[in-house]
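As a plain string of letters, each chain reads:
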Amino acid sequence: MTKPPKPLSPKQVEGLNSKAVGVGIKWMSKFNTWAFKATGGRLGSKWRGGSNRFSAPPPVGILTTIGRKSGEPRESPLLFLREGDRVVLVASQGGRATNPMWYLNIQANPQVTFQIKNEVLKLMARDATDAEREQYWPRLDAIYPDFANYRTYTDRKIPIILCDPA
């Protein structure tokens with residue numbers, strides 16, 4: 001049984017927005033992507049952190065966007081919900097005050113790929129509507145309970161991204 005998420009203190013929430021946390025996220029993401037790619041998803045395809053560590057870990061895939069400034073491919077390991085041909089992503093960035101770079105890249109170019117183990121999907125990404133958000137939050141919280149906490153850590157409306165076949 002999953003333990004309920006333990007919220008952060010106000011000081012800890014403030015620390016989420018520090019440069020050090022941003023650098024840590026960047027390097028952990030690079031390592032996770034490397035391990036995932038090097039092993040065809042045998043390593044790095046399950047998230048073992050957060051409050052769900054006592055239940056089935058949620059899946060991780062690799063999102064590839066095109067950098068809005070560089071024009072270069074950018075890879076990000078992300079938790080996801082798969083629904084048939086659709087992949088659902090959350091631009092939570094752990095509840096930080098700003099949207100992740102991959103989300104900003106999608107706003108500039110919604111054509112993405114998403115790798116699930118050895119399967120690479122070509123997708124078009126878009127923000128979920130308010131009605132879709134209401135539908136997806138309970139399902140997303142069920143696979144990763146910390147999403148509920150993340151929404152309390154920030155004033156921004158954490159985006160849910162729906163990725164459908166291109």
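Preceding this section is the structure that the text describes.
Residues numbered from 1 in each chain as written. Predicted model: local features only at pLDDT ≥ 70, side-chain atom pairs only at ≥ 80, totals over all residues. Heavy atoms only, no water.

## Observations regarding the pattern of salt bridges
Thought 1: Using the criterion set out here, one finds 8 salt bridges in the structure.
Thought 2: One salt bridge connects Lys37 with Glu75, and the closest N-O pair in it is separated by 2.9 Å. Here the residue Lys37 occupies a position in helix α2 (residues 19-39), and Glu75 occupies one in strand β2 (residues 73-79), the gap between them amounting to 38 residues.
Thought 3: With a relative accessible area of 37%, Lys37 lands in the partly exposed category.
Thought 4: A salt bridge links Glu132 to Arg126, with the shortest nitrogen-to-oxygen separation between them at 2.7 Å.
Thought 5: With relative accessibility at 15%, the residue Glu132 sits in the buried group.
Thought 6: Since its relative accessible area comes to 32%, Arg126 is described here as partly exposed.
Thought 7: Residues participating in the shared-partner salt-bridge network are Glu83, Arg86, Arg139 and Asp164. (Salt bridge = Lys/Arg side-chain N within 4 Å of Asp/Glu carboxyl O. Helix = DSSP H or I, 4+ residues; strand = E, 2+ residues; numbered from the N terminus. Buried < 20%, exposed > 50% of the residue type's maximum accessible area, 1.4 Å probe, protein only.)

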